[in-house]
Amino acid sequence: MQRFPLLSRARSTLSVAPRAMISTGSDTIILGGVAYSSSIPMVWEAMKAYLNGVGCDFDFVLFSSYERQVEALMANDIDIAWNGPLAHARTKLRTNFTSLSLGMRDVDRDFKSHVVVTKASGITDFASLAGKRVATGTFDSPQAYVLPMHTLPPATKATLHVTRFDRDVGKHGDTAAGETEVVKALLDGRADAGFVSDFMWNRAVEEGVTKELEVCPGILIPVFDHCQFDALASLDGAKRESFESAIKGMSMDNPAAQEAMKLEGIVKQWEAPREDGYATMMEALGNEFEAQISPFPLPLHGGVDGGHPFASLSVSLLDPSLAPQPMIRSCSAAPL
């Protein structure tokens, strides 16, 4: 999960492997993954070692953004994409729901996000959230912006003073850098409420920094599914069978598979694909993104110079020329 200027289209570049190494015409299954941290190559190297060891001819390339990865899949430059929920939904829409879903981890099912509030704010439901200061993660983060914001009623959103922490744009919130800023804003008194994943909330609890914070009991974000293996319907049948068989055959009881599975964050096993866990994301894409499923879609709710549904919007980003000092830009309400 490269940093981009806020309002630029996320035109990232291929991080690993020149195009000459990508050949969907060969017998090798080429998978694309997003390099959101320095540990990602190690994860896929472990997967490659295991899969090749059981007779699945597999290799991978890494991308600096999900946008570029989806385009590579659409162009048949890769066979399979390891997509997050936003990229998965866009792939489904771009292919008129003909794309293939090949599987997910057990931890990808029923992913949770929360509206966390300061106890002093008195926020307990949508009504008491009205008029408050809300901190969010990056605009392309499913868990810290897209889905929580989609859950809020339009009338409530129209009253909010939102600060959006755009960090690691293109990684779709995988680095959780924006969520880290959300927690800081709540602790520093710069926000009354904020959006974070269940994972980040539990980490904050473990670190003992949540004494003055709590999960808002009256605002529930629908659970959703996270990562998924995506492929086009044109994927070679032998490649599909080889990959699916090898993945389904991985077991924590097998030491050769256990290392790769643990690096992937799996608790028990790979799971079969399912689509109902992406229903809310599909709604968000249709209603708030206005079906922007073309290549390199623009940011949700524009930016400081574009329309948004709030009383006010401030966007905090790391200026690439001035990092790590944050830059704040603001604008008042404007129609979508």
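A short tour of the structure in this document, coming up.

Parameters at a glance
- Residues numbered from 1 in each chain as written.
- Predicted model: local features only at pLDDT ≥ 70, side-chain atom pairs only at ≥ 80, totals over all residues.
- Heavy atoms only, no water.
- Buried < 20%, exposed > 50% of the residue type's maximum accessible area, 1.4 Å probe, protein only.
- Helix = DSSP H or I, 4+ residues; strand = E, 2+ residues; numbered from the N terminus.
- Pairing = 2+ DSSP bridges.
- Lys, Arg positive; Asp, Glu negative; His and termini not counted.
- Salt bridge = Lys/Arg side-chain N within 4 Å of Asp/Glu carboxyl O.
- Contact = heavy atoms within 4.5 Å.
- Expected span 1.5 Å × (residues − 1).
- Arc of directions from axis to C-beta.

## Quick notes on the pairing of strand S4 (residues 100–105)
Remember that side chains alternate between the two faces of the sheet whenever the strand is regular. Burial analysis of S4 places 6 of its 6 residues in the buried class, which makes it a mostly covered element. Here 3 bridges tie S4 to strand S10 (residues 228–231), and the two strands are oriented antiparallel to one another. Among the inter-strand pairings, Leu100 is bridged to a residue of S10, identified as Ala231. Here S4 pairs with strand S11 (residues 270–271) via 2 bridges, running antiparallel.

## Digging into the side chain of Glu179
Here Glu179 is to be found in helix H7 (residues 177–187). For the buried Glu179, no salt bridge is present, and the opposite-charge side chain at shortest range is Arg203, 8.4 Å distant. Residues contacting Glu179, with those up to four places away along its chain left out, are Gln143, Ala144, Gly173, Phe195, Val196, Ser197 and Met200.

## A short note on helix H9 (residues 237–248)
Since the α-helix packs 3.6 residues into each turn, any two residues three or four apart lie on the same face. Over its 12 residues, H9 runs 16 Å from end to end, which matches the ideal 16 Å to within 8%, given 1.5 Å per residue. Of all the positions in H9, only Lys239, Phe243, Glu244, Ala246 and Ile247 are classed as buried. Down the axis of H9, the sector holding all buried residues measures 165°, keeping them to one side. Every exposed residue of H9 that faces more than 90 degrees away from the buried side is listed here: Ala238, Glu241 and Lys248.

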